[in-house]
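# Analysis of the macromolecular model
Each chain is listed here by its residues.
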Amino acid sequence: MLLPLILGAVLTQAAAPATPAPAPPVEVAPGIHLIRGAVVPDRGPDGNTIVFDAPDGLVVVDTGRHTWHSDAILAFARARRRPIVAIVNTHWHLDHASGNRRLKAVYPDAKVYTTNAIDGVLAPGGFLARNLEAAQAAFAKGGLSDVRREEMQIFFDTMEHRDSLRPDVAVERSGPMRLAGRPLDVRVTDGAVSEADVWLYDAATKVAVIGDLITVPVPYFESACPDRWRAALDDVWATPFTTAIPGHGPALSRDEFRSYQTSFGALVACVASDAPGKACGAAWVKGIGALAGEDASRHELITENIEYYVDFLRKSGGKSPDCRAR
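Being a predicted model, the structure only gives us computed values, none of them experimental.

Conventions used here
- Residues numbered from 1 in each chain as written.
- Predicted model: local features only at pLDDT ≥ 70, side-chain atom pairs only at ≥ 80, totals over all residues.
- Heavy atoms only, no water.
- Salt bridge = Lys/Arg side-chain N within 4 Å of Asp/Glu carboxyl O.
- Helix = DSSP H or I, 4+ residues; strand = E, 2+ residues; numbered from the N terminus.
- Buried < 20%, exposed > 50% of the residue type's maximum accessible area, 1.4 Å probe, protein only.
- Disulfide = S-S within 2.5 Å.

With that settled, the discussion passes to the pattern of salt bridges. Counted by the stated rule, this structure contains 13 salt bridges. Residue R130 is joined to D322 by a salt bridge in which the shortest nitrogen-to-oxygen separation is 2.9 Å. Separated by 192 residues along the polypeptide, R130 in helix α6 (residues 127-141) and D322 in the segment after α11 (296-314) bring together distant segments of the chain. R130 sits in the partly exposed class, given a relative accessible area of 37%. Residue D322 is classed as buried on the basis of its relative accessible area of 15%. Residue D185 is joined to R187 by a salt bridge in which the shortest nitrogen-to-oxygen separation is 2.8 Å.

For the peptide bond that leads from V216 to P217, omega is 10°, which places it in the cis range. Its location among the elements puts P217 in the loop between β11 (207-215) and α8 (226-237). Even without being glycine, K206 reaches a positive phi, approximately 60°.

A full pass over the atoms with the stated rule returns two disulfides. Disulfide pairing is shown between C225 and C323; the S-S distance is 1.9 Å. Between C225 and C323, the S-S torsion sits near 115°, and that sign places the bridge as right-handed. Note that C225 is positioned in the loop between β11 and α8 and C323 in the segment after α11, a separation of 98 residues in sequence. For the pair C225 and C323, a shared accessibility class is recorded, and that class is buried.

The following block contains the structure:
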């Protein structure tokens, strides 16, 4: 998805190789592995991938954007000598779903589980349809860096195969499900990061997989309904999880989740106030504590990103212009 690339600078300012090696998979709980999404300067990010071991094979939650990320997922499956039989997309943002077709090319029987919210953003005038038109015009105009052209080509390729973003099995409501034989509590939001987001709770390990309901260190508001988002975080908090795996960033303890959740509520209130955006940003950095790190320059970049989003939300009455609660 063509989001502002300002967020790349928040997480890393160092030069990086053209094809970075994703972080090695980490077992966050028995039978649950996290493959962290890479963040490379001037490129869109990859969302985190979570892989559940299940009786019938592997359940992959979110598939990233870049080839190097989907290659890491496939390498994990080969190393485990187990097929990928289910793919869950927490939402339609392309840094979480572009890898669907690459995984299904190797495991064609794998079923994609997600909501039908993708249909609205692919329809004429929808978020992805508009972005595609803008990207095609910019690409044709020229004058882009090689990296920017590569990023656009990834977007074009994904949109050419847009059916891979649609569910094989539509997730329409919250409730218990068995994915590849593993019981999971599947929750669907009524507007939050997108029109309808999926998050999972695994009672056996007390792990919550929450997609972009949390992104460290800055929330992404491009398609968001902040009030509904805040309610979704309350719903996550109401479950007895001990570990929450966000859409971007490291696995969080319950206390770290609470700090982010509290700060998110304060940020939504700050957007609704007359406070300067910079003040909202400074309060955010203070509120998330250790999740912001200790580097002062990083704090400045996080503050600048929050300022950007405060202005973005205020222009549309405190929500994204693409906020679509069901």
